[in-house]
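The lines below spell out each chain.
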Amino acid sequence: MSSKVFKLIEEEKKRQIEGLEMIPSENYVSVDVLKALGSILTNKYSEGFPGRRYYGGNEVIDKIENYASDLAKKLFKVPVALVQPYSGSPANFAATMAVCEPGDVIMGLSLSSGGHLTHGAHLSFSSIFYKAVNYSVGADWKIDFDELEKLAIKHKPKLIWAGTTAYPFKLDYKKFRDIADKVGATVVADIAHISGLIVGGVHDSPVPYVEVITTTTHKTLRGPRGAMIMVTDLGMKKDPELKAKLERAIIPGLQGGPHNHQTAAIAISLEEALTPAFKKYASQVVKNAAVLAKELGTVSENHLVLLSLTDYGKGMGYQAQYALETAGITVNKNTIPNEPISPFYPSGIRMGTPALTTRGMKEKDMIKIASWIKRALEEIKGLDIPEQKEERAQYIKDTKVSLAKNKNLLKIKEEVKNFALKFPVPGID
Ligand code: DSN
């Protein structure tokens, strides 16, 4: 009997092709990446590293892992690339373990300024096992390097994270380097969101300025879920043990057997990222985001748009996410810098162009999409989050139910569907 799961996969395929996937950390992988992920490589245990495995039978797995690592080294121009981290957060934990002792000071961009949980956020390992100090963005929503420098001089961090997760601007890695050198810190660049833009040649690489780089493989890089940790020449020069420390942090520090099907799929996506077509893709992602941002009254220098909804009312992130979902447009609610309401009921949405661009959409399509977004957002006016905190959860539930029946949103959904179906999704007929 065919599993219920396959029926659900068909349901999800329909959602993915009929709607507009605009979560900036998502993408559509190629059919070859899907094939490797669904392959028999998932059957094998391979604790250790190529040539140094605990179990037998790893001759082929060694070749696959070495191939993936060599491709990463070539693509990012680094001497060391470890491809086993299960995903971005474990990769960041491993990098922190390799660079710091428990209790050391680490610094990262605050969550509400667009930083990541693993860069020192409350309740993350990064603030439980390490002393986390957060820097933030200024009134222009850009990283406040004066504040970062003052905090670094005061707290003397061992590690400074240079990386973001909801930040629409380019990063100046030299500024991080200069500050780190004043206090003897190691800089780890977390390029998860923008690794595809870097290898595609549209964003500067952090390689000359940082010791370690972490990235997920499934965002703009357009690979399977997974992650990599790389060491630069600068990193190896400063600490020749860095590679060994990172390996030990991955296993036995944090993980067991690597996911070999995932490693193989990473290798395929890295082959794809080496092609001229990928450069064109990366450049189009950024062009599309710039147009989308402009149409929505803001700016983007990368693949994402962070939109404040304060003009629509108070704490409108949930309402906007639901309204857009009803209209067939998937985005995520997000805090905005200096969040006026709460991280639980944030005042913005975050959206991006990587997946839309994979489907072949261009600038003119972004203008159309921005107009649907603006129409959908009109429907949340008046749905401000209640002042009384205890009323908020029920209010949001009720709002979701009423938005799901909203005729204007359902009309947009039809228009979105007719439009989206003209653009193919790899692996979905
Ligand atoms: N969840 C990822 C994102 O959406 O940016 C980060 O871990």
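See above for the structure.
Let me begin by describing the structure that accompanies this report. Computed from a predicted structure; not experimentally measured.

**Examining the overall build of the protein chain**
- Helix and strand content of the protein chain: 17 helices and 14 strands.
- Computed over C-alpha atoms, the radius of gyration of the protein chain comes to 22 Å, within 12% of the 22 Å expected from 2.2 N^0.38 for 429 residues, which places it in the range of a compact globule.
- Structurally, the protein chain occupies a C-alpha span of about 60 × 60 × 40 Å along its principal axes.
- Within the protein chain, the proportion of its 429 residues that are buried is 57%.
- Summarising the internal contacts of the protein chain: among those between residues at least 6 apart in sequence, 75% fall at separations of at least 24.
- Accessible area for the protein chain stands at about 18,800 Å²; split by element, carbon and sulfur atoms hold 56% of it.
- For the protein chain, the centre of its 56 positive side-chain charges and the centre of its 48 negative side-chain charges are spaced 3 Å apart.

**A few points about the pairing of strand β9 (residues 212-216)**
- Along β9, five of the five residues are buried, which leaves the element largely enclosed by surrounding structure.
- Side chains V212, T214 and T216 project from β9 onto one buried face, and the interleaved I213 and T215 project onto a second face that is buried too.
- Examined bridge by bridge, strand β8 (residues 186-190) and β9 share three bridges and lie parallel to one another. Pairing of V188 across the sheet is with V212, part of β9.
- Looking at chain direction, β9 and strand β10 (residues 227-231) are connected through five bridges and run antiparallel. Bridge pairing in β10 links T215 to M228.

**A look at the site of the ligand**
- As a structural note, the neighbourhood of the ligand is formed by S25, H116, T165, H193 and R350.
- Within the side chain of H193, a nitrogen or oxygen atom sits 2.7 Å from an oxygen atom of the ligand.
- In this structure, R350 approaches the ligand through a side-chain N or O atom, which is 2.7 Å from an oxygen atom.
- Here the ligand has 230 Å² of accessible area as a free molecule, and 63% of this is covered by the chains.
- Class assignment for the residues of the shell around the ligand results in no nonpolar, four polar and one charged.

**Here's the deal with the side chain of D62**
- Assignment of secondary structure puts D62 in helix α3 (residues 59-76).
- Judged by its relative accessible area of 15%, D62 is buried.
- One polar contact links D62 to R53, side chain to side chain, over a distance of 2.7 Å.
- Apart from the residues lying within four places of it in its own chain, the contact partners of D62 are P50, G51 and R53.

**Observations regarding the environment of D32**
- Along the chain, D32 falls in helix α2 (residues 31-37).
- Looking at D32, the relative accessible area reads 41%, which means it is partly exposed.
- The spacing of D32 and K14 is 18 residues in sequence and 20 Å in space, taken between C-alpha atoms.
- With sequence-adjacent residues up to four places away left out, D32 is seen in contact with I268 and E272.

**Structural notes on the environment of V202**
- As for its position among the elements, V202 is in the loop between α8 (195-199) and β9.
- Excluding residues that lie within four positions of it along the chain, V202 makes contacts with K170, L197, A282, S283 and V286.

**What to know about the pairing of β10**
- A large share of β10 lies buried, amounting to five of its five residues.
- Every second residue of β10 is oriented toward a common face, with A227, I229 and V231 on one face and M228 and M230 on the other, all of them buried.
- Where strand β4 (residues 80-82) lies against β10, three bridges are found, and the strand directions are antiparallel. Bridging across to β10, V80 finds its partner in V231.

**Examining the sheet that holds strand β14 (residues 348-352)**
- The strand order β11-β14-β13 describes an open sheet built from three strands, whose pairing is antiparallel. Only two strands of the sheet have a single partner each, and these edge strands are β11 (304-308) and β13 (332-334). Each neighbouring strand pair of the sheet contributes to a mean axis angle of 35°, computed without reference to strand direction.
- Taken together, the five bridges between β11 and β14 define a ladder with antiparallel strand orientation. Opposite L304, over in β14, you have G352 as the bridge partner.

**Brief notes about the packing of aromatic side chains**
- The tally for this structure, following the rule as stated, stands at twelve aromatic pairs.
- Taken together, the ring pairs in this structure connect Y45, Y54 and Y55 into an aromatic cluster.
- Sitting over the ring of F169, K142 keeps its end group 4.9 Å from the ring centre.
- Just above the ring of Y281 sits the side chain of R222; from NZ or CZ to the centre is 4.0 Å.

What counts, and where the lines are drawn
- Every chain's residues receive numbers from 1 upward, in the order its sequence appears when written.
- The model is predicted, so local features are restricted to residues of pLDDT at least 70 and side-chain atom pairs to those at 80 or more, both for listing and for counting; the totals for chains, interfaces and linings are taken over all residues.
- Water and hydrogen atoms were dropped before computing side-chain values, which therefore reflect all heavy atoms in the structure.
- Going along the chain from the N terminus, every DSSP run of H or I of four or more residues is numbered as a helix, and every run of E of two or more is numbered as a strand.
- This radius of gyration counts C-alpha atoms alone. The globule rule is 2.2 Å times how many residues there are, raised to the power 0.38.
- Accessible area is worked out with a 1.4 Å probe on protein chains only. A residue is then buried under 20% of its type maximum, exposed over 50%, and partly exposed in between.
- Should any heavy atoms of two residues lie within 4.5 Å, those residues are counted as being in contact.
- We get accessible surface area from the Shrake-Rupley algorithm with a probe of 1.4 Å; when it comes to residues, only the shown protein chains can shield them.
- Lys and Arg are tallied as positive, Asp and Glu as negative. Neither His nor the chain termini are counted.
- Charge positions are represented by NZ for Lys, CZ for Arg, CG for Asp and CD for Glu.
- Two strands pair if DSSP finds at least two bridges between them.
- Throughout, near means a residue has at least one heavy atom within 4 Å of the molecule or strand.
- What qualifies as a polar contact is a pair of N or O atoms within 3.5 Å, subject to a donor-acceptor requirement within protein and to the restriction that residues adjacent in sequence count only when both atoms come from side chains.
- Under this grouping Gly is polar, as are all residues other than the nonpolar Ala, Val, Leu, Ile, Met, Phe, Trp, Tyr, Cys and Pro and the charged Asp, Glu, Lys and Arg.
- Under this scheme, a helix contributes an axis fitted over its contacting stretch, all axes are lines through C-alpha atoms, and angles between N-to-C directions fall in the 0 to 180 degree range.
- Under the pairing criterion, centres of Phe, Tyr and Trp rings, with the six-membered ring standing for Trp, must be within 6.5 Å; the plane angle then separates stacked pairs below 30 degrees from edge-to-face pairs above 60, leaving the rest tilted.
- Counted as over-ring charges are cases with an Arg CZ or a Lys NZ within 6 Å of the ring centre that also lie within 35 degrees of the ring normal.

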